[in-house]
Amino acid sequence: FNITNNEDLFSSLVQIGQHPRELSDTLTLLEKIGHFVDKENNDLYVKYSASGQAPRTCFSLIAENVNVARVLRRASSDWDGGYCIAGVFGHGDAFCLRDPSGIRPA
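How each quantity is defined
Residues numbered from 1 in each chain as written. Predicted model: local features only at pLDDT ≥ 70, side-chain atom pairs only at ≥ 80, totals over all residues. Heavy atoms only, no water. Helix = DSSP H or I, 4+ residues; strand = E, 2+ residues; numbered from the N terminus. Contact = heavy atoms within 4.5 Å. Areas by Shrake-Rupley, 256 points an atom, 1.4 Å probe, with all protein chains shown as cover. Lys, Arg positive; Asp, Glu negative; His and termini not counted. Charge placed at Lys NZ, Arg CZ, Asp CG, Glu CD. Axes fitted to C-alpha atoms, helices over the stretch in contact; angles between N-to-C directions. Parallel < 35°, antiparallel > 145°, perpendicular 65-115°, else oblique. Left-handed = near helix turned anticlockwise from the far one by under 90°. Nonpolar A, V, L, I, M, F, W, Y, C, P; charged D, E, K, R; others polar. pLDDT = per-residue confidence, 0-100. Expected span 1.5 Å × (residues − 1). Buried < 20%, exposed > 50% of the residue type's maximum accessible area, 1.4 Å probe, protein only. Phe/Tyr/Trp six-rings, centres within 6.5 Å; stacked < 30°, edge-to-face > 60°.

### Things to note about the overall build of the chain
Next, step 1: What the chain contains, in helices and strands, is four helices and four strands.
Next, step 2: Secondary structure elements of the chain, listed N to C terminal, follow the sequence β-α-α-α-α-β-β-β.
Next, step 3: The principal-axis extent of the C-alpha atoms belonging to the chain is close to 45 × 30 × 20 Å.
Next, step 4: The long-range share in the chain, meaning contacts at least 24 apart out of those at least 6 apart in sequence, stands at 42%.
Next, step 5: Carbon and sulfur atoms make up 50% of the accessible area of the chain, which amounts to about 6500 Å² in all.
Next, step 6: Looking at the chain, you have 10 positive and 13 negative side-chain charges, and the mean spots of the two groups are 7 Å apart.

### Quick notes on the packing of helix α2 (residues 25-50) against helix α3 (residues 55-65)
Next, step 1: Running from N to C, α2 and α3 point in directions that differ by 130°, and their axes come no closer than 9 Å. It follows from the interaxial angle that α2 and α3 lie oblique. Considering the relative orientation of α2 and α3, their crossing is right-handed. Contact residues: Glu40, Asn41, Leu44, Tyr45, Tyr48 and Ser49 in α2; Pro55, Cys58, Phe59, Leu61, Ile62 and Asn65 in α3.
Next, step 2: Tallied by class, residues from the contact of α2 with α3 come to eight nonpolar, three polar and one charged.

### Examining the confidence of the model for the chain
Next, step 1: Summary statistics for the chain give a mean pLDDT of 91 and a share of 98% for residues scoring 70 or more.
Next, step 2: Within the chain, the lowest mean pLDDT, 86, falls on strand β1 (residues 2-3), and the highest, 95, falls on helix α4 (residues 68-76).

### Here we look at α2
Note on helix geometry: an α-helix contains 3.6 residues per turn, so any two residues three or four positions apart are oriented the same way.
Next, step 1: Between the first and last C-alpha of α2 there are 37 Å, a value that for 26 residues agrees with the 38 Å anticipated at 1.5 Å per step.
Next, step 2: All buried positions along α2 are accounted for by Thr28, Leu29, Lys32, Ile33, His35, Phe36, Val37, Glu40, Leu44 and Tyr48.
Next, step 3: In the core, the buried residues of α2 are packed alongside β1, α1 (6-15), α3, α4 and β3 (84-88).

### Some thoughts on the packing of aromatic side chains
Next, step 1: This model, assessed by the stated rule, comprises three aromatic pairs.
Next, step 2: Taken together, a centroid distance of 5.7 Å and an interplanar angle of 20° make the contact between Tyr45 and Phe59 stacked. Here Tyr45 is found in helix α2, whereas its partner Phe59 is found in helix α3, with 14 residues between them in sequence.
Next, step 3: Of the residues examined, Tyr45 reaches a relative accessible area of 29% and is grouped as partly exposed.
Next, step 4: Note on Phe89 and Phe95: the rings are 5.2 Å apart at their centroids and 40° apart in plane angle, and the pair reads as tilted. As far as burial versus exposure is concerned, Phe89 and Phe95 are alike and both buried.

Right, here's the structure in full:
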């Protein structure tokens, strides 16, 4: 990674209630992704539980319907610099993400 606005990203994490342990671009990007994964999970849980689904059913529905692209778009909306990331979420969805300018091509 070569994130040029890492200090701003760190500050934005603190402002939204996250507590990153150090100022590194890798940790900051992972914290941002984690925050928006948590938000997506919570939003879906509220939606499904409000519709009367049992908790166990809610968890299955979340795994089936989590929008990984939305999570990554939200997490990376304010990243500046070069990056190329691949990963796997706990429910099995995999992803690849690179900076829009192609600074770090895959």
